[in-house]
Every structure is written in C-alpha cells, then in structure tokens.
Amino acid sequence: MTLIWIAAGWDVFNIGAVGLIFDVSSLFSNVIGTLGLPIVPVLAVVFFHDKMDGVKVVAMLLAIWGFVSYMYQHYLDDSKSKAERANATQVSQASTSEEIQI
C-alpha cells in the first residue's frame, strides 16, 4: 500500500513540477521541490506510521540546510545587485549634474 501511495504522490509531484516550469520558471520549480524534501518523511511518519530513524532525520536536516543556504545565497545576490544598481544610479546622476554645470 505504501508503494502505491508513493507512486501516486510522485505522479502528482511531477505533473505539478512540469506545470510550474511552464507557468513560472524552472528555478521556481526547483525551489518548491527542494522545499518539499523535508516534508515527505514527516508525512510518512504521520500517515504511514513509519519509524523516524537516524537516516531520515539526517536527510531532513540536510534538505533543510540546503534550502536555507539556497535562500541565503539568493538574499546575498539580491543585496549585491541592489547595491550595484544604487551605485550605478549615483554615478549616472553625478555625471549628469557635472554635464549641466559645464
């Protein structure tokens, strides 16, 4: 019974992932897939009464760590691009004001 539900879950996941790729982007689909990784073992424990052993705990922690590091890198890249945009705006405004004064 567990294998049947796993197969059905994978089918739903794959259809949803393809839908996200077509509607939004492949990057967003990958983020949602990574976010769902730690949820699967918890749902298996709740619904299928599986045992939560050390391997599942380590896998969940690694998945959460990977997602958090991905989001942190995205935050750093966004902060860097905002700073570069602000610097470029200041440089262009300074050059425009110098041209006006000349």
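One can find the structure itself at the top, above this paragraph.
Read on for an overview of the structure. Throughout this description, residue numbers start from 1 for each chain and increase along the sequence as written. The predicted nature of this model means local features are confined to residues of pLDDT at least 70 and side-chain atom pairs, given and counted, to a pLDDT of 80 or more, with totals for whole chains, interfaces and linings taken over all residues. Excluded from the side-chain calculations are hydrogens and water; all other atoms, namely the structure's heavy atoms, are used.

**As for the overall build of the protein chain**
So, point 1. Going along the chain from the N terminus, every DSSP run of H or I of four or more residues is numbered as a helix, and every run of E of two or more is numbered as a strand. When helices and strands are tallied, the protein chain shows four helices and zero strands.
So, point 2. Going from N to C terminus, the protein chain has its helices and strands arranged as α-α-α-α.
So, point 3. Seen along its three principal axes, the alpha-carbon backbone of the protein chain occupies a region of about 80 × 30 × 15 Å.
So, point 4. When each of the 102 residues of the protein chain is scored for burial, the buried share is 10%.
So, point 5. Seen as two clouds, the 5 positive and the 9 negative side-chain charges of the protein chain have centres 10 Å apart. Classification of residues uses two cut-offs on accessible area relative to the type maximum, computed with a 1.4 Å probe and protein chains only: under 20% is buried, over 50% is exposed, and between them is partly exposed. Charge counting treats Lys and Arg as positive and Asp and Glu as negative, with His and both chain ends excluded. To locate a charge, take NZ of a lysine, CZ of an arginine, CG of an aspartate or CD of a glutamate.

**Things to note about the environment of Thr-34**
So, point 1. Within the fold, Thr-34 resides in helix α2 (residues 26-36).
So, point 2. Spatially, the C-alpha atom of Thr-34 lies 19 Å from that of Ala-7, the residues being 27 residues apart in sequence.

**Points about the packing of aromatic side chains**
So, point 1. Aromatic pairing here means that ring centres of Phe, Tyr or Trp (its six-membered ring) are within 6.5 Å. Orientation follows from the plane angle: under 30 degrees is stacked, over 60 is edge-to-face, and everything else is tilted. Tallying each qualifying case throughout the model produces two aromatic pairs.
So, point 2. Arranged with centres 5.6 Å apart and planes meeting at 90 degrees, the rings of Trp-10 and Phe-13 form a pair that is edge-to-face. Of this pair, Trp-10 and Phe-13 both sit in helix α1 (residues 2-23), separated by three residues, roughly a single helical turn.

**Thoughts on unusual backbone geometry**
So, point 1. In this model, His-49 sits at a positive phi of 55 degrees, which is unusual for a non-glycine residue.
So, point 2. Tracing the backbone shows His-49 in the loop between α3 (39-48) and α4 (54-101).
So, point 3. For His-49, a relative accessible area of 68% puts it in the exposed group.

**Structural notes on a nonpolar patch on the surface**
So, point 1. Patch rule: a residue counts if its relative accessible area is over 30% and it has no salt bridge; like charges are joined within 9 Å, and nonpolar side chains (Val, Leu, Ile, Met, Phe, Trp, Tyr) within 5 Å. Method for areas: the Shrake-Rupley scheme with a 1.4 Å probe, in which residue coverage is limited to the protein chains shown. Here, a salt bridge means any side-chain nitrogen of Lys or Arg that lies within 4 Å of a carboxyl oxygen of Asp or Glu. Together, Met-1, Ile-4, Trp-5, Ile-39, Val-42, Leu-43, Val-46, Phe-47, Phe-48, Met-52, Val-57 and Leu-61 line one region of the surface with nonpolar side chains, adding up to about 1200 Å² of accessible area.
So, point 2. Elements supplying a minimum of two residues to the nonpolar patch: α1, α3 and α4.
So, point 3. Among the elements that take part in the nonpolar patch, α3 stands out by supplying six residues, more than any other.
So, point 4. Positionally, Phe-48 belongs in helix α3.
So, point 5. Owing to a relative accessible area of 32%, Phe-48 belongs among the partly exposed residues under this scheme.

**Re the environment of Lys-51**
So, point 1. Tracing the chain through its elements places Lys-51 in the loop between α3 and α4.
So, point 2. Take Lys-51: its relative accessible area is 72%, and that puts it in the exposed class.
So, point 3. Separated by 16 residues in sequence, Lys-51 and Phe-67 have C-alpha atoms that sit 24 Å apart.

**Quick look at the packing of α1 against α2**
Packed helix pairs are characterised by how far apart their axes lie and by the angle those axes make with each other.
So, point 1. Only the stretch in contact is used when fitting a helix axis, every axis being a line fitted to C-alpha atoms; angles between N-to-C directions are given from 0 to 180 degrees. Between α1 and α2, the shortest axis-to-axis distance is 7 Å and the interhelical angle comes to 145 degrees. By crossing handedness, the relation of α1 to α2 is classed as right-handed. Facing α1, whose interface residues are Phe-13, Ala-17, Leu-20 and Ile-21, α2 presents Ser-26, Phe-28, Ser-29, Ile-32 and Gly-33.
So, point 2. In the scheme used here, Gly and all other residues not listed as nonpolar or charged are polar, with Ala, Val, Leu, Ile, Met, Phe, Trp, Tyr, Cys and Pro taken as nonpolar and Asp, Glu, Lys and Arg as charged. Split by residue class, the contact of α1 with α2 holds six nonpolar, three polar and no charged. It is the rotation of the near helix from the far one that decides the hand of a crossing: anticlockwise by less than a right angle makes it left-handed, clockwise makes it right-handed. Between two residues, a contact is recorded if the distance between any of their heavy atoms is within 4.5 Å.

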